[in-house]
Amino acid sequence: MSFRTRLFVAFSVAVLIPLGLLGFGVRREMERRLTAQYQRRVSDAVQAVQEDLAREGQSIGGRLTALAADLEQDNRFRLATSRTEATDRRYLLDYAGTAMRLTGLSFLQVQDSSGRIVSSGHFRNEYDRMEPALPALLETAAGSPVLVRARTAEGSLVALARLDSLRVAGARFRIVGGVEAEHRLLGRLVRDPELTISLVYPGQAGRNTSERRTAVAIPLLYLDLMPGAASRADTARLVLSQWPGTLVALRRSIDAWFLVALAVTVGLALLGAGWLAARISRPLLELSSKTAAIDLDRLDQDFSSERDDEIGSLSRLLGAMMERLRVGTARLREAERRVAMGDLARQVNHDVKNGLVPIRNVLRHLAREAEQRPESLATVFAERKATLDSSVEYLETLARNYARLSPATSREPCDVNAVVREVVQHIHSPAAPVRATLDPALPRVRSDRLVLRRILENLVGNALDSLAARPEGGVVVSTESLIRDGAQVRVVVADTGAGMSRAELDRAFEDFYTTKEGGTGLGLSIVRRLVLDLGGVLRVDTEPGTGTRVTIELPAMSDGAGTS
Amino acid sequence: MPQSTNWLSGPTAALGMMVMAVGSYGCGHSPPPETAPPAPSPTTAEPAACVVSRGGPAARDTVSIAVAERVDSAHAPIPSNDAERLLFRQRFDSPIRLDCEGGTHPGFATSWSPDSSGRVWTLVLREDSSGSVADGLTPERVADEWRSREASARALQWAGIDSVVPLDHHRLALLLAHPQKSVPEVLADPALAMPAQERPAEPPVVTVSKSGGDLRDALDRGADIVQSGDPALVEYARSRADRETVPLPWDKTYVLLLPAGSPGLDSLTGADSAGFRSGLARDAVHGDARGAEPPFWWVNPAGCAGSAPTNRPASQSSGVVVYSRDDRIARDLADRIVALAALPGVTSRGLSAADLLSSLQVGRERGYILAVPRRAVVPCREMALWPPGATVLPLVDTRLTAILDRDLPRITVDWDGALRIGSDTEGGPQ
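Residues numbered from 1 in each chain as written. Chains lettered and ligands numbered in written order. Predicted model: local features only at pLDDT ≥ 70, side-chain atom pairs only at ≥ 80, totals over all residues.

Some points on the overall build of chain B
Short version of the rule: Each helix is a run of H or I in the DSSP string that is no shorter than four residues. Each strand is a run of E no shorter than two, and both are numbered from the N terminus. Throughout, a residue-residue contact means that the two C-beta atoms, derived from backbone geometry, are no farther apart than 7 Å.
Secondary structure summary: chain B contains 9 helices and 26 strands in total. Sequence-distant contacts in chain B: of pairs separated by 6 or more residues, those separated by 24 or more amount to 79%.

Comments concerning the overall build of chain A
Formally: To sort residues by exposure, count the other C-beta atoms lying within 10 Å of each residue's C-beta; 20 or more gives buried, 12 or fewer gives exposed, and values between give partly exposed, all with C-beta atoms placed from the backbone.
Scanning chain A from terminus to terminus reveals 12 helices and 15 strands. Within chain A, the proportion of its 564 residues that are buried is 26%.

Remarks on the sheet that holds strand E17 (residues 252–258) of chain B
Residue and element names in this part refer to chain B. Basically, it comes down to this: Any two strands between which DSSP finds at least two bridges are classified as paired. Angular values range over 0 to 180 degrees, each being the angle between N-to-C directions of two axes fitted as lines to C-alpha atoms, with helices fitted over their stretch in contact.
Judged by pairing direction, the sheet is mixed, and its 6 strands sit side by side in the order E18-E22-E17-E21-E19-E20 without closing on themselves. Only two strands of the sheet have a single neighbouring strand rather than two, namely strand E18 (289–291) and strand E20 (347–351). Across the sheet, the axes of successive neighbouring strands diverge by a mean angle of 30 degrees, strand direction being ignored. Relative to strand E22 (residues 391–398), E17 runs antiparallel, the two being bridged by 7 bridges. Across the sheet, residue Leu 258 finds its bridge partner in E22, namely Thr 391. Together, E18 and E22 form the strand contacts of helix H6 (residues 274–284), whose direction differs from that of E18 by roughly 165 degrees. Each of strand E19 (320–324), E20 and strand E21 (367–373) touches helix H8 (residues 353–362); the most contacted strand, E19, lies at about 135 degrees to it.

Details of the environment of Ser43(A)
Residues and elements named next belong to chain A. With respect to the element layout, Ser 43 can be found in helix H1 (residues 3–73). Accessibility expressed as a C-beta count within 10 Å gives 13 for Ser 43, which makes it partly exposed. Spatially, the C-alpha atoms of Ser 43 and Ala 215 are 9.2 Å apart, while their sequence positions differ by 172 residues.

Remarks on the packing of helix H9 (residues 416–426) of chain A against helix H10 (residues 449–466) of chain A
All names here are of chain A. Threshold: Just so you know how the angles are binned, under 35 degrees is roughly parallel, over 145 roughly antiparallel, 65 to 115 roughly perpendicular, and the rest oblique. Crossings are sorted by hand: turned counterclockwise from the far helix by less than a right angle, the near helix makes the crossing left-handed, and turned clockwise it makes it right-handed. Residues were grouped as follows: Ala, Val, Leu, Ile, Met, Phe, Trp, Tyr, Cys and Pro as nonpolar; Asp, Glu, Lys and Arg as charged; and all remaining residues, including Gly, as polar.
Between H9 and H10, the shortest axis-to-axis distance is 10 Å and the interhelical angle comes to 50 degrees. Taken together, the axes of H9 and H10 lie oblique to each other. Note on packing geometry: the crossing formed by H9 with H10 is right-handed. For the pair formed by H9 and H10, the contact residues are Val 416, Val 419, Val 420, Glu 422 and Val 423 on the first element and Arg 449, Leu 452, Arg 453, Leu 456, Glu 457 and Val 460 on the second. Classifying every residue of the contact of H9 with H10 gives 7 nonpolar, no polar and 4 charged.

Brief notes about the confidence of the model for chain B
All names here are of chain B. Basically, it comes down to this: A score from 0 to 100, pLDDT tells how confident the predictor is in each residue.
The predicted model of chain B averages 81 in pLDDT, with 78% of residues at 70 or higher. Confidence drops under a pLDDT of 50 for residues 1–43, and excluding neighbours within four residues, the segment shows 121 contacts in the predicted structure. The ipTM assigned to the predicted complex is 0.78, against a pTM of 0.63.

As for the interface of chain A and chain B
On the side of chain B, 15 residues touch chain A, which itself brings 15 residues to the contact. In terms of residue class, the side of chain A that touches chain B is made up of 7 nonpolar, 3 polar and 5 charged.

With respect to the pairing of strand E13 (residues 487–495) of chain A
All names here are of chain A. Where strand E12 (residues 475–483) meets E13, 9 bridges bridge the pair, whose relative direction is antiparallel. When the bridges of E13 are listed, Ser 478 appears paired with Val 492. Judged from the 8 bridges that link them, E13 and strand E15 (residues 547–555) form a sheet pairing that is antiparallel. Counted as the bridge partner of Val 492 is Thr 551 from E15.

Quick look at helix H3 (residues 150–158) of chain B
All names here are of chain B. As a reminder of what qualifies: Of all possible arcs, the one meant is that of the directions from the helix axis to the C-beta atoms.
Listing the buried residues of H3 in full gives Ser 152, Ala 155, Leu 156 and Trp 158. Taken around the axis of H3, the buried residues stretch over an arc of 165 degrees, which confines them to a single face. Check the buried side of H3 and you find it contacts helix H2 (139–148), strand E11 (161–166) and helix H9 (379–383). Count one or two residues on from H3 and you reach Gly 160, which has phi positive near 80 degrees.

Remarks on the nonpolar core
As a reminder, the rule being used: To define a nonpolar core, we join buried Ala, Val, Leu, Ile, Met, Phe, Trp, Tyr and Cys residues through C-beta atoms within 7 Å and take the resulting set.
One finds Val186(B), Leu333(B), Ala334(B), Ile337(B), Ile369(B), Val396(B) and Leu419(B) to be the most contacted residues of the largest nonpolar core, which totals 108 residues. The dominant element in this core, judged by the number of residues it contributes, is helix H7 (residues 328–341) of chain B, at 9 residues. Listed in part, the 51 residues of the second largest apolar core include Leu64(A), Leu71(A), Ala80(A) and Ala161(A).

Brief notes about the sheet that holds strand E24 (residues 410–413) of chain B
All names here are of chain B. Sheet architecture is open: 3 strands sit in the order E3-E24-E25, paired in antiparallel fashion. The outermost strands of the open sheet, each flanked by one partner alone, are strand E3 (51–54) and strand E25 (419–421). Strand-to-strand twist of the sheet, defined as the mean angle between neighbouring strand axes without regard to direction, takes the value 15 degrees. In terms of strand pairing, E3 meets E24 through 3 bridges, oriented antiparallel. What sits directly across from Arg 54, in E24, is Arg 410.

A look at the packing of helix H2 (residues 75–82) of chain A against helix H3 (residues 86–103) of chain A
Residue and element names in this part refer to chain A. Relative orientation of the contacting elements H2 and H3 amounts to 115 degrees, with a least axis distance of 8 Å. Comparing their axes, H3 and H2 come out roughly perpendicular. For the pair H2 and H3, the sense of crossing is left-handed. Contacts between H2 and H3 involve Arg 76, Phe 77, Leu 79, Ala 80 and Thr 81 from the former and Asp 88, Arg 89, Tyr 91, Leu 92 and Tyr 95 from the latter. Split into classes, the residues belonging to the contact of H2 with H3 amount to 6 nonpolar, 1 polar and 3 charged.

What to know about the pairing of E17(B)
Residues and elements named next belong to chain B. E17 sits mainly inside the fold: 7 of its 7 residues count as buried. Residues Lys 252, Tyr 254, Leu 256 and Leu 258 point to one face of E17 and Thr 253, Val 255 and Leu 257 to the other, with burial holding for every one of them. Relative to E21, E17 is paired through 6 bridges, and the arrangement is antiparallel. Looking at the pairing, Leu 257 lines up with Tyr 368 of E21.

Points about helix H1 (residues 82–91) of chain B
The element H1(B) is largely enclosed, with a buried count of 10 among its 10 residues. Along H1(B), the residues that are buried comprise Asp82(B), Ala83(B), Glu84(B), Arg85(B), Leu86(B), Leu87(B), Phe88(B), Arg89(B), Gln90(B) and Arg91(B).

As structure tokens, then:
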């Protein structure tokens, strides 16, 4: 898992867990308080419903009592119960319907003592049917209303019913009346808009209550008079349900805001994590890249950093390590040079000896001849002169060869500014100007003046070459002193030429790599070697189309050595 | 339907009382015909049972009729209810008339005669005073009208009349599929009626009352003719000295139709007994009713086999006994049937006339309470509306009561119970 991913995960966990806990807590507390509020309202509603039921029962009972009293005085009813004439019979059959409408009831039956329906208001033509179970149950209910599912021609009617009785012409009649329960009555019972009351009774067709929550159920005596029903007492329930609209709406609102907050927070966390990861990982990647580029021939990586955090410390540590490597490498090269010098000395010794041996032999021969036969000395010398000539020629050749093998360098206090001026004056470029910006307080460096001149000539020459296609450009050679791990002298050769690509820069210090027609490909390679030999650092900043800036930093001499 | 709506204020003109002024036809103000019909037929008078008013001594220019049912002139001449039947009968003439006992009388055909085979019947159309066919009612026009009107064509088809051929300017020949000894009764069917414009009356004026449909208000305002089956209205009319109440012939039979495939109503014990029917008529029905009495025209009707449209037998039956929701008697009967059946899930439901007809064609209900005419001149056409193979249980016969002003012109009753004001009795078979 990458450092960036770890940061993302860590940020997400650190943000989501507290946020989730907050949302959960808010929802739970809100639900608890609203539920308690609902329960109080439900309790009030239950009490109101029970009072309404009692009141409704009394109202029904009052109307039945009035009907019973009226029937006892109704002569046509009296005649109809004792005669069989068609007009009387029709009056009897129609009586309950008329009375039901006049009294505002929705259910009315008049039964004789055997339970035979003699007149029915809600179902006029069910006359003569036996239905004794209804008055029997109502009598046992002791004045309380009973829920009755009565039959009608079109289906059924659920009514809250009560019973009364009367006596006409010596016969006892029972009168059962009620009001329709499911719609007319229930709609009046609860006035709280978030509470509803519904009737649940055995054999009821399923109803959709999925959005409602049952609060409380009030039991009621129930009798099903439908065909096929058992016609025995059962229990129905008045169910008070709450519609948790406010709660649901509040919960949805909280959920919506929580999701918004979650999305915003996650977004910010991701952005923060990304920014942090970039701030941390990008310098690390750069350090990694620089570190990977280090080898003994390229100990010029710049690990300098202005950061004051761990990345800066690490960078400075790597810079110090780099410096130690540079010093060590210089020492190693010096040791190698010394070893090479010893070998060379031995070789020279051997070669010189080889060249001197014939000369010594000729000299010994001439000395012996001069001693023994002086008259022949000239002859012998003439004979051996060729040997001498060849030996001398050999030694001269040897000397030339060794002289070519390595230029002799000397380390002495050197004024960099003077060398820069000399190079700028020496190079006359009609195409582009070469300017020098010099630090007058520049300390001297310990170097061979010729080496320093070769370095600057190479760099300025390259800069002028890069301006070939840009006549408006220029070259600036600047010097400055700086303090970094001791006194340093910085020399910068900057041009506004073609610049180099990354690939070109990577190969610029290789031997025999050149992009110039007729170039040897040795210039920058020699420059870097010379700079490293001087214990310095070379750094190149370049960009295609913008130009190249070559920076050389050389260790300055101690204060006692003076300034230029 | 030319000129069939000129006496109504619109396509649908009544939900309440309508007052229609009808010419005092045959009451002294109309001029007698100057010339006699070319082939006069013997005059046949309606039997006394079919005369509900013999005509008062005073002449009447207008007769007002009050109805409480919806009247739609677009239905003319075929009525869809009792009110339309009463009104349409005054404005449309069929070729012949059948009185309440089945006697034939001239309509817009003054005489009729068969050929020797009994398959070709020739009608002689009424002529006016100039000796021309009355008001352009030519045989060609009648034949064209019958061919173009779907109801007419179907009536002729169901009655076995293969073709109608105009013979000359006043004779029309009917070619029957089977020979008949008597004139085809389908000629009295409203489906073959034509506008009765030859009557010398002013066009009647129809106004809609504001009574809200209570015919007692119409009586109070002086309506001359009201017909109703409402016992309360009849009782109110009997209490008024200026009105006489005349029970009309039994004109409808209510039946319980059980489609093939219906489980039926087996718990209805004795449903086909006379006692059961009379019990229904006495207790269950609000109206003048009796237990249905035979003969029933749907029992073994002649010539219907194979002619009725074939309907798909009902595969599943509901538990509902349906009826026309505008018919109180049908509802009473359906309710009583449901109460007596006492079967779980069996209920009753009222349907609109159109829905009832559609439901009847499908035949998927448990049962149908239908009001069918007591007498049918085209039985096969009536039975074609029923699902095939249905069982028909007659329940009750009903009739209306005519509430009449005591000073009215002659009024008779047709075969279907419709009142006809000022009937013309001249003409008949040659």
